[in-house]
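Descriptive analysis of the structure
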Amino acid sequence: MRVDIVSIFPEYFAPLDLSLIAKARANGTLRLAVHDLRTWTHDVHRTVDDTPYGGGPGMVMRPEPWGEALDALAPDELSPDGHTLPRLLVPSPAGVPFTQAMAHELAGESHLLFACGRYEGIDQRVLEHAATRMRVTEVSLGDYVLFGGEVAVLVILEAVTRLLPGVLGNAGSLDEESHAHGLLEAPMYTKPSSWRGHEVPEVLRSGDHGRIARWRRDEALLRTADRRPDMIAALSAESLDKRDRAALERGGFQLPPGDVAK
Ligand code: JAH
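Summary of the structure given here.

A rise of 1.5 Å per residue sets the reference length of helix H6 (residues 209-227), with its 19 residues, at 27 Å; its end C-alpha atoms lie 27 Å apart and thus fit the reference within 8%. Here H6 has its buried residues at Ile212, Arg214, Trp215, Asp218, Ala220, Leu221, Thr224 and Ala225. Tucked into the core, H6 has its buried residues touching helix H7 (229-233) and helix H8 (242-250).

Spelled out as structure tokens, the structure:
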């Protein structure tokens with residue numbers, strides 16, 4: 001996968017030289033480049049922002065440097081290495097929610113291009129214009145405001161690159177994790193079995209794989225109902241059986257009637 005990142009703070013991306021992302025870059029799984037937006041400014045002050053039309057506080061990123069950056073990184077002609085146009089991703093509190101499903105979708109792309117906004121964001125015409133040439137997605141990590149898109153790009157890249165073939169050693173660990181089955185994961189424990197007066201649940205030391213699987217399922221259901229009622233409400237009719245319902249009722253949770261009954 002090829003990834004290009006455009007930002008006025010390329011130094012934010014130093015962590016991409018660490019750990020498993022660095023390894024994926026070294027072995028050619030990931031071809032990643034970070035670009036300074038000011039490369040595509042031409043005035044002495046290398047200006048990237050200006051005041052907003054219609055008034056209001058803050059500044060908006062000027063369209064011209066972004067236009068040149070996208071021309072350079074997503075040329076109209078197919079590049080000599082046969083790469084197609086990138087998928088443009090723009091972190092924004094006004095974007096569509098980023099999910100594990102979107103991470104899987106992005107892991108199937110051959111070229112991602114990230115545009116990091118700062119201030120009050122990027123002139124909307126940049127995205128409008130880019131959409132005439134490539135797929136453009138404004139994406140949000142949650143309902144809060146950052147200084148800019150840089151940290152959001154680090155998060156998205158970590159979620160996506162760990163799904164690339166060969167990046168995670170243990171192939172089995174991908175489908176048992178939180179969000180893969182629409183529930184939060186049960187708690188995990190390691191040695192020692194007793195630590196500062198806190199014990200590992202007996203069932204996990206029983207060696208009874210059936211009981212362990214049932215316990216983990218119950219714990220996953222209970223903590224999801226407690227912490228993420230939205231995820232319980234989103235479960236399909238088939239995903240909760242009678243034992244699941246019984247576990248939730250034992251935990252004192254009221255199930256919505258009908259759609260999650262079985
Ligand atoms: C803030 C440009 N959903 C997380 C998120 C993503 C991007 C931004 N804020 C929050 C942001 C200012 C300028 C992007």
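Continuing now.
As a further point, take the pairing of strand S1 (residues 2-7). Counting buried positions over the six residues of S1 gives six, a clear majority of the element. Neither face of S1 is left uncovered, since the one carrying Arg2, Asp4 and Val6 and the one carrying Val3, Ile5 and Ser7 both have all their residues buried. Bridge count between S1 and strand S6 (residues 111-115): five bridges; the pairing is parallel. Looking across to S6, one finds that valine 6 is bridged to alanine 115.

Let us now look at the pattern of salt bridges. Following the criterion strictly, the structure yields 15 salt bridges and no others. In this structure, arginine 133 engages aspartate 71 in a salt bridge whose closest nitrogen and oxygen atoms are separated by 2.5 Å. Here arginine 133, found in the loop between helix H4 (124-130) and strand S7 (136-140), pairs with aspartate 71, found in helix H2 (residues 63-73); they are 62 residues apart in sequence, far enough to count as distant. Given the relative accessible area of 16%, arginine 133 is considered buried. By relative accessible area, which is 41% here, aspartate 71 ends up partly exposed.

The next point concerns the packing of H6 against H8. The packing of two helices is summarised by the inter-axis angle and the distance between the axes. Taken N-terminus to C-terminus, the directions of H6 and H8 make an angle of 55 degrees; their axes are 9 Å apart at the nearest point. It follows from the interaxial angle that H6 and H8 lie oblique. Here H6 runs over H8; the crossing is right-handed. Residues Arg214, Arg217, Asp218, Leu221, Leu222 and Ala225 of H6 touch H8, and the partners they reach there are Arg243, Asp244, Ala247, Leu248 and Arg250.

Procedures and definitions
In this numbering scheme, every chain counts its residues from 1 along its sequence in written order. Thresholds applied to this predicted model are a pLDDT of at least 70 for local features of residues and 80 or more for the giving and counting of side-chain atom pairs; totals over whole chains, interfaces and linings are not thresholded and use all residues. The basis for every side-chain value is the complete set of non-hydrogen atoms in the structure, without hydrogens or water. Each helix is a run of H or I in the DSSP string that is no shorter than four residues. Each strand is a run of E no shorter than two, and both are numbered from the N terminus. Expected span of a helix, by definition, is 1.5 Å for each gap between consecutive residues, and there is one gap fewer than residues. Classification of residues uses two cut-offs on accessible area relative to the type maximum, computed with a 1.4 Å probe and protein chains only: under 20% is buried, over 50% is exposed, and between them is partly exposed. Any two residues whose heavy atoms approach within 4.5 Å are treated as being in contact. Only strands joined by at least two bridges in the DSSP assignment are considered to pair. The working definition used for a salt bridge is a side-chain nitrogen of Lys or Arg within 4 Å of a carboxyl oxygen of Asp or Glu. To obtain each axis, a line is fitted to C-alpha atoms, and for helices this fit is confined to the stretch in contact; angles are then taken between N-to-C directions over 0 to 180 degrees. Angles are sorted into four bins: roughly parallel if under 35 degrees, roughly antiparallel if over 145, roughly perpendicular if 65 to 115, and oblique for all others. Left-handed is the label given to a crossing in which the near helix is rotated counterclockwise from the far helix by less than a right angle, and right-handed is the label when the rotation is clockwise.

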